[in-house]
Amino acid sequence: GQQLNQSPQSMFIQEGEDVSMNCTSSSIFNTWLWYKQDPGEGPVLLIALYKAGELTSNGRLTAQFGITRKDSFLNISASIPSDVGIYFCAGFTGTASKLTFGTGTRLQVTL
Amino acid sequence: DAGVTQSPTHLIKTRGQQVTLRCSPKSGHDTVSWYQQALGQGPQFIFQYYEEEERQRGNFPDRFSGHQFPNYSSELNVNALLLGDSALYLCASSLGQPTGGYTFGSGTRLTVV
């Protein structure tokens, strides 16, 4: 099935550093979502974006809905050890039933 | 307030067998979706149930079927299991059209041997 392309696939960063990741698609999306998944758990919603150009923050997390509606970006500032996990972008096209997920970015934080 | 609950948490089945996974949506939610997440991959949409009917289906064979009950809980059935069906099966719920995203359960880890 279709999946959104995320980059990077994985990253090691030091505590306190800022993190950037992005998600691209060949199709236009009406809604972009960012989820975090910890081992053995389901994805947890971090941020939802609803219109092109929108910039939304949730604590140390900031996400943007790309102008072309084919991409989205997530930034994490001043990373901490509990930021470790897999970050997925996801989106709705057309009718909001089927949620398409990205390939994931695995984040590991070292002290 | 209980979130989405799934049972069982882990399951081991033999090729060719049939399996039933269960999901109770978050209180107040009426729509249930099922996703398959293979190791190292993002979740893939299987199907969605609303008002006890399958509303939309992803690219999964007919071996995958589901049901939604009047209390909004749902079951996912997989027949004639293949080794490739080994995955984490996630249930997600929402109220109507989930423009704000779904609430996911912790999943059922199915291993087919």
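Residues numbered from 1 in each chain as written. Chains lettered and ligands numbered in written order. Predicted model: local features only at pLDDT ≥ 70, side-chain atom pairs only at ≥ 80, totals over all residues. Heavy atoms only, no water.

Examining the overall build of chain A
Step number 1: For chain A, the count of helices and strands is zero helices and 11 strands.
Step number 2: Taken from the N to the C terminus, the helices and strands of chain A come in the order β-β-β-β-β-β-β-β-β-β-β.
Step number 3: Compactness check: chain A gives a C-alpha radius of gyration of 13 Å against a globular reference of 13 Å for 111 residues, within 12% of the reference.
Step number 4: Its C-alpha atoms give chain A principal-axis dimensions of roughly 45 × 30 × 20 Å.
Step number 5: Counting only residues that meet the buried cut, chain A has 47% of its 111 residues in that class.
Step number 6: Within chain A, contacts between residues at least 6 apart in sequence are counted, and of these 54% link residues at least 24 apart.
Step number 7: Total accessible area on chain A stands at roughly 5100 Å², and carbon and sulfur atoms take up 51% of it.
Step number 8: Side-chain charges in chain A split into 7 positive and 8 negative, and the spacing between the mean points of these groups amounts to 12 Å. (Helix = DSSP H or I, 4+ residues; strand = E, 2+ residues; numbered from the N terminus. Rg over C-alpha atoms; globule rule 2.2 N^0.38 Å. Buried < 20%, exposed > 50% of the residue type's maximum accessible area, 1.4 Å probe, protein only. Contact = heavy atoms within 4.5 Å. Areas by Shrake-Rupley, 256 points an atom, 1.4 Å probe, with all protein chains shown as cover. Lys, Arg positive; Asp, Glu negative; His and termini not counted. Charge placed at Lys NZ, Arg CZ, Asp CG, Glu CD.)

A closer look at the sheet that holds strand 1 (residues 5-7) of chain B
Residues and elements named next belong to chain B.
Step number 1: Taken together, the four strands give an open sheet; going across it, the order is 1-3-8-7, and neighbouring strands pair in antiparallel fashion. Each edge of the open sheet is held by one strand with a lone partner, namely strand 1 and strand 7 (64-68). Put simply, the sheet's adjacent strands are angled 20° from each other on average, direction ignored.
Step number 2: Inspection of the sheet shows strand 3 (residues 19-24) paired to strand 8 (residues 74-78) by five bridges, in the antiparallel sense. The partner of Val19 across the bridge, within strand 8, is Val78. (Pairing = 2+ DSSP bridges. Axes fitted to C-alpha atoms, helices over the stretch in contact; angles between N-to-C directions.)

Overview of the sheet that holds strand 7 (residues 61-65) of chain A
All names here are of chain A.
Step number 1: Reading across the sheet, the five strands line up as 1-3-8-7-6 and stay open at both edges, with antiparallel pairing between neighbours. In this open sheet, the two edge strands, each paired with only one partner strand, are strand 1 (5-7) and strand 6 (55-58). Across the sheet, the axes of successive neighbouring strands diverge by a mean angle of 15°, strand direction being ignored.
Step number 2: Relative to strand 7, strand 6 runs antiparallel, the two sharing four bridges. Note that in strand 7 the partner of Thr56 across the bridge is Ala63.

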